[in-house]
Amino acid sequence: MHLTLHVWRQNGPDQSGQMVTYPARNLSPDMSVLEMLDHVNEQLIADGDEPIAFDHDCREGICGSCSMVVNGLPHGPQKASTTCQIFLRNFRDGDDIYIEPFRATAFPIMKDLMVDRSALDRIIQAGGYVSANTGGAPDGNALPIPQHTAEAAMDAAACIGCGACVAACKNASAMLFTAAKVSQLATLPQGEAERGERARRMIAQMDQEMFGGCTNQGACSAVCPKEIGLEWIAKLNREHIRSKLPQAT
Amino acid sequence: MSNVQLDAKIPDGPLEKKWDRYQADMKLVSPKNKRKCRVIVVGTGLAGASAAASLAEQGYHVEAFTFHDSPRRAHSIAAQGGINAAKNYQNDGDSVWRLFHDTIKGGDFRSREANVYRLAQVSNHIIDQCVAQGVPFAREYGGQLANRSFGGAQVSRTFYCRGQTGQQLLLGAYSSLSRQIATGQVRQHTRMEMLDLVIVDGRARGIVTRNLVTGEIKSHAADAVVLATGGYSNVYYLSTNAKACNVTAAFRAYKRGAALANPCFTQIHPTCVPASGDHQSKLTLMSESLRNDGRIWVPKKQGDKRPAHEIPAAERDYYLERKYPSFGNLAPRDISSRSAKEVCDEGRGVGPTGRGVYLDFADAIDQFGQETIRQRYGNLFDMYSHITAEDPYTTPMRIYPAPHYTMGGLWVDYNLMSNVPGLFVIGEANFSDHGANRLGASALMQGLADGYFILPYTLGDYLARTQRDQLTPDGAEFKQTETETKAHIQRFQTGSGKRTATSFHRELGELMIEACGMSRSAEGLQGALERIPQLREEFYQDIVPPGKEDNVNSALEHVGRLADFFEFAEVMCHDALTRDESCGAHFRAEHQTEQGEAKRNDQDYCNVSAWEHTGVDSPPQLHIEPLKLETVKLAVRNYK
């Protein structure tokens, strides 16, 4: 099949960028979108041109590196998928495909489709952990955790930190990302001691990184490759209020 | 006179007391002095992140390097199945001894008893530690931790988080690391690739890195260097490894004097989604658990192109069940992979490329119903149909083996220190625990054992015994190494070639999978050893100059990594050729039983082969560490 790509090219953070058109010919419907970019890059490299820069790594939907908007949707036109898991059979021969980076004030563009998502790391650094030093942990079975609790925590913990939620949100809010980690640890007994402090600090960091607020539109959850649910944002709000109560830790 | 001295430094005493004795005898660094020590950790996967966090908690200053944009993206994240521990929660007869014994046996008696025993001992602490961090392991209804049997083990000792165990364990280690980054005890360096090791007065004292965004070449000094840089399956180009996984950090250390041990021990995983064509950029693993219910077959006739459902039972060859009646479809990974290759080599492979075999659930669906099969494997079936656009409930899956894990790596002693003082190597990057084959769910265990519970002690012992100073990265050794690093990059910029790194990498990969993959022979390996230097020469002649150095440039990164893979591939083939026996995943066609099973030669090869670099154009020098199996009795694997 043949496609026409329109790809955002931008040389560096402080430079202006533009959409550049590339013909992508002789493609297989079994190729992933990233393999299509590989294919275009091969030609660019062979011609001595600069390849399109994009983050990618595991190519099986778990590392969270992919960070592009395909035809207006973060990751692209397939539910519960990262870009690396979207195959060209989702497009029609002759289609035009528009590829842009995730866009948000908190995600400055580094080059082409590569953005700086270190703000998400700093939200985790602000409190997305249990302060358990290595060594001396009690036996894993000393603390029984009901299966439904463990499963709920796992639902939230499945977040891959890609930032599609931010890219999809009209406010560029990182509420779903933050909610996933806060909720995982607030659901489990291990997270209890730092529960309030964690919510307060992670939310403060989120604001400091210039992520926007949440207006409950749900675009984040709709594009989330791991289908992290909106209910976790409700939980984050509850955790936030709870943390302001006098007795909360 | 060679510089390589292999002393495994295994503590005296009975096997089960060695680690306790080591801990009792080791020297400690005082809290005041820990603050003055600086440790470089390269890589932030399970091993690197857990080591960096644990060292920082102890009070060391840690510099953590990753070429990703965040420590959380390391390829440990993709591990699916689980992590072993000898908890015996199921009361099914498991013990430290049994986990140790299974690991030694699984490695076909080519690993060190003392290291493996220690691994089994600390395995239980890992589970406790991860639970304390909030890793959401699967639980029983009563709240107890759930276990499953994995990879043919006779006990249920595998802990798991759905099919995302690696992700959850890595996020646990990453959260501990993040906490230390916030305190300033760890300084993280993201999008930085290690390109060389700096040795000062015979000790590893720092690294040279390239900033992948600005191109800056920079030196970093420390009291010790820890490599946690993963495996080298991408030497085959197509593997289950992430695209960026490479051998460069380990290989540059090798070129600075660290010995490479057993590089030919590579694991080819039997159940992966087959390549769909020449555009394939990597392969995707399907959990081995599928073999519990799926039946593997190919047509009896060569070139039978009928769709699966048109081939009657009498014309199907369920080759694993036929050859291994008692283990059948659950035959070990290496046997299963090799058998798949054999039937495809005979022209009986299925799918568009002819490199595939069926994994058929029709009988299991008849027996248990589609709903049960959906409950067991629903997410895997979804993943498969997502990738291939085929429905495994109605059409048999197609699978083919793919390189997945590398047991070989830099040689380390009991302290996890290489033969270069001050250079420690942990996780998949070292060679120490898995022998000639790794058991399922043991990679996560080893990465975290090294990082949480072994290195933080052994590194302290080294630092306590070593004269410390406040070295800065501006001495002659650092400048010299920087100059050499820059020259290495420049070497690719001057030509006027036309071929891309991907095209060369693909060719190298095809050559390696054929000559040094599932089945090896002296003839094939000698051919590869002739061809690789020629291909490397063509690579230097014909490569397209990768262009800009002061910006993000994936072409430049790939060329540099591929140059190391070329040289590394030769060491691998030397190792495979020299090891004139079959063992574990290393199958030499000359050494098989009448039934086509691997035939070990314990008389001559119950040892570790460690290779010393002697120059790009001269063969590496072999050093032997004999393996003294004092506790385990050598036995022949029998999966009939």
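Counting starts from 1 at the beginning of each chain's written sequence and moves along it residue by residue. Naming scheme: in the order in which they are written, chains are lettered from A and ligands are numbered from 1. In keeping with the predicted nature of the model, local features appear solely for residues at pLDDT of at least 70, side-chain atom pairs appear and are counted solely at 80 or more, and the whole-chain, interface and lining totals rest on all residues. No hydrogens and no water enter the side-chain calculation; it runs on all heavy atoms of the structure.

1. Observations regarding the overall build of chain B
Here is step 1: Runs of H or I in DSSP of at least four residues are treated as helices and runs of E of at least two as strands, each being numbered from the N terminus. Scanning chain B for helices and strands turns up 17 helices and 19 strands.
Here is step 2: Radius of gyration: C-alpha atoms only; globule rule: 2.2 Å multiplied by the number of residues to the exponent 0.38. In terms of overall size, chain B behaves like a compact globule, its C-alpha atoms giving a radius of gyration of 24 Å where 640 residues would be expected to give roughly 26 Å.
Here is step 3: A simple rule labels every residue: compare its accessible area, found with a 1.4 Å probe on the protein chains alone, to the largest value its type can have, and call it buried under 20%, exposed over 50%, or partly exposed in between. A buried classification covers 65% of the 640 residues belonging to chain B.
Here is step 4: Restricting to contacts in chain B with at least 6 residues of sequence separation, those with at least 24 account for 73%.
Here is step 5: With the model as given, the accessible surface of chain B reaches about 22,100 Å², and the carbon-plus-sulfur share is 48%.
Here is step 6: A positive count includes Lys and Arg, and a negative count includes Asp and Glu. His and the chain ends are not counted in either. By convention, the charge on Lys lies at NZ, on Arg at CZ, on Asp at CG and on Glu at CD. Both charge centroids of chain B, one from 73 positive and one from 75 negative side chains, sit 4 Å from each other. Whether two residues are in contact is decided by their heavy atoms, any of which lying within 4.5 Å being enough. Residue-level accessible areas treat just the shown protein chains as cover; the underlying method is Shrake-Rupley with a 1.4 Å probe.

2. A few points about the sheet that holds strand β11 (residues 266-272) of chain B
All names here are of chain B.
Here is step 1: Here a strand pair is declared whenever DSSP counts at least two bridges between the two strands. Judged by pairing direction, the sheet is antiparallel, and its 5 strands sit side by side in the order β11-β15-β14-β12-β13 without closing on themselves. Strands at the two margins of the open sheet, each flanked by one partner only, are β11 and β13 (316-317).
Here is step 2: Across 3 bridges, strand β14 (residues 357-360) lies against strand β15 (residues 397-406) in antiparallel orientation. Its bridge partner being in β15, Leu-359 is matched across the sheet by Met-397.
Here is step 3: Axes, fitted as lines to C-alpha atoms, cover a helix only where it is in contact. Angles between the N-to-C directions of the axes lie from 0 to 180 degrees. Across the sheet, helix α9 (residues 333-345) lies against β11, β12 (295-299), β14 and β15, angled at about 70° from β11, the strand it touches most.

3. Some points on the domain arrangement of chain A
Residue and element names in this part refer to chain A.
Here is step 1: Boundary definitions for the domains trace back to an automatic or database domain assignment. By domain assignment, chain A separates into domain 1 (3-114) and domain 2 (118-243).
Here is step 2: Placing the centre of domain 1 and that of domain 2 at their C-alpha centroids yields a distance of 29 Å.
Here is step 3: Tallying the contact residues gives 17 residues for domain 1 and 19 residues for domain 2.
Here is step 4: Two parts placed together each lose some accessible area under a 1.4 Å probe, and the buried area is that loss summed for both. Between domain 1 and domain 2, the buried area comes to about 1,300 Å², and carbon and sulfur atoms account for 69% of it.
Here is step 5: Broken down residue by residue, the surface that domain 1 buries against domain 2 is led by Pro-74, Ala-106 and Phe-107, which jointly contribute 33%.
Here is step 6: For this document, the term salt bridge refers to a Lys or Arg side-chain nitrogen within 4 Å of an Asp or Glu carboxyl oxygen. At the boundary of domain 1 and domain 2, one finds 1 salt bridge.
Here is step 7: A salt bridge links Lys-79 to Glu-227, with the shortest nitrogen-to-oxygen separation between them at 3.5 Å.

4. Re the interface of chain A and chain B
Here is step 1: Taken together, the 69 residues of chain A in the interface contact 73 residues of chain B.
Here is step 2: Summed over both sides, the interface between chain A and chain B buries roughly 6,000 Å², with carbon and sulfur atoms accounting for 48% of that surface.
Here is step 3: The three residues of chain A that bury the most area against chain B are Asp-57, Thr-134 and Met-154 of chain A, which together make up 11% of that side's buried surface.
Here is step 4: The interface formed by chain A and chain B holds 7 salt bridges in total.
Here is step 5: The shortest N-O distance in the salt bridge between Arg-162 of chain B and Glu-151 of chain A comes to 2.9 Å.
Here is step 6: What qualifies as a polar contact is a pair of N or O atoms within 3.5 Å, subject to a donor-acceptor requirement within protein and to the restriction that residues adjacent in sequence count only when both atoms come from side chains. Taken together, the connections running from chain A to chain B amount to 49 residue pairs in polar contact (both at pLDDT 80 or more).
Here is step 7: Residue assignment for the side of chain A that touches chain B shows that the elements contributing at least two residues are α1 (33-46), β6 (109-111), β7 (114-115), α2 (118-125), α3 (147-157) and α5 (175-187) of chain A.
Here is step 8: It is α3 of chain A that provides the largest number of residues to the side of chain A that touches chain B, a total of 7 residues.
Here is step 9: Note on residue categories: nonpolar means Ala, Val, Leu, Ile, Met, Phe, Trp, Tyr, Cys or Pro, charged means Asp, Glu, Lys or Arg, and polar means any other residue, Gly included. In terms of residue class, the side of chain A that touches chain B is built from 33 nonpolar, 20 polar and 16 charged.

5. So, the confidence of the model for chain B
Here is step 1: pLDDT expresses how confident the predictor is about each individual residue, on a scale running from 0 to 100. Per-residue pLDDT for chain B has a mean of 95; in total, 99% of the residues score no lower than 70.
Here is step 2: Listed scores for the predicted complex are pTM 0.97 and ipTM 0.98.

6. Quick word on the packing of aromatic side chains
Residues and elements named next belong to chain B.
Here is step 1: Note on aromatic contacts: the rings of Phe and Tyr and the six-membered ring of Trp form a pair at centre separations within 6.5 Å, being stacked when their planes are under 30 degrees apart, edge-to-face when over 60 apart, and tilted otherwise. One pass over the full model with this rule turns up 25 aromatic pairs over all chains.
Here is step 2: Measuring from ring centre to ring centre gives 5.3 Å for Trp-19 and Tyr-22, while their planes differ by 15°; the resulting arrangement is stacked. Of this pair, Trp-19 and Tyr-22 are both found in helix α1 (residues 18-25), 3 residues apart, which corresponds to roughly one turn of the helix.
Here is step 3: Judged by relative accessible area, Tyr-22 falls into the buried class, the value being 11%.
Here is step 4: Through a chain of ring-to-ring contacts, three or more aromatic side chains come together here, namely Phe-492, Phe-504, Phe-539, Tyr-540 and Phe-566.
Here is step 5: Definition used: whenever NZ (Lys) or CZ (Arg) falls within 6 Å of the ring centre and also within 35 degrees of the ring normal, the charge is taken to sit over that ring. Over the ring of Tyr-393 we find Arg-374; its NZ or CZ atom is 4.6 Å from the centre of that ring.
Here is step 6: Between Arg-438 and the ring centre of Tyr-405, over which it is positioned, the NZ or CZ distance is 4.2 Å.

7. With respect to the pairing of strand β1 (residues 3-9) of chain A
Residue and element names in this part refer to chain A.
Here is step 1: Here β1 lies mainly inside the structure; 6 of its 7 residues are buried.
Here is step 2: Pairing of β1 with strand β2 (residues 18-24), which is carried by 7 bridges, proceeds in the antiparallel orientation. Residue Leu-3 lies in a different strand from β2, and its bridge partner there is Ala-24.
Here is step 3: Strand direction decides the pairing type here: β1 and strand β5 (residues 96-101), joined by 4 bridges, are parallel. Each residue of the ladder has a partner; that of Leu-5, found in β5, is Ile-97.

8. A look at the sheet that holds strand β8 (residues 217-221) of chain B
Residues and elements named next belong to chain B.
Here is step 1: Overall, antiparallel pairing links the 3 strands, which are arranged β6-β7-β8 in an open sheet. Unpaired on one side and paired on the other, β6 (192-200) and β8 mark the two borders of the sheet. Between one strand axis and the next, the sheet turns by 30° as a mean value, whatever way the strands run.
Here is step 2: Here helix α13 (residues 476-490) sits on the sheet in contact with β6, β7 (203-211) and β8, set at roughly 140° to β6.

9. A short note on the nonpolar core
Here is step 1: Of all hydrophobic cores here, the largest spans 249 residues; its most connected members are Leu-5 and Phe-211 of chain A together with Ile-83, Phe-137, Leu-423, Met-512 and Phe-539 of chain B.
Here is step 2: Residue-level mapping places this core at the junction of two domains, with at least three residues from each of domain 1 (3-114) and domain 2 (118-243) of chain A.
Here is step 3: Ignoring anything within four residues of it in the chain, the contact list for Ile-83 of chain B reads Ile-126, Ile-127, Phe-137, Arg-157, Thr-158, Phe-159, Thr-165, Leu-169, Ala-441, Leu-444, Met-445 and Leu-448 of chain B.
Here is step 4: Val-198, Val-208, Ile-489 and Leu-556 of chain B belong to the second-largest nonpolar core, a separate cluster that totals 9 residues. Here, nonpolar core means buried Ala, Val, Leu, Ile, Met, Phe, Trp, Tyr and Cys residues that are tied together by side-chain atoms lying within 4.5 Å of each other.

10. Here's the deal with the pattern of salt bridges
Residue and element names in this part refer to chain B.
Here is step 1: Within the structure shown, the criterion is met by 71 salt bridges over all chains.
Here is step 2: Its salt-bridge partner being Arg-187, residue Glu-63 comes within 3.0 Å of it at the nearest N-O pair. Within this pair, whereas Glu-63 is found in strand β2 (residues 61-65), its partner Arg-187 is found in strand β5 (residues 186-189), the two being separated by 124 residues in sequence.
Here is step 3: Using a relative accessible area of 4% as the deciding quantity, one classes Glu-63 as buried.

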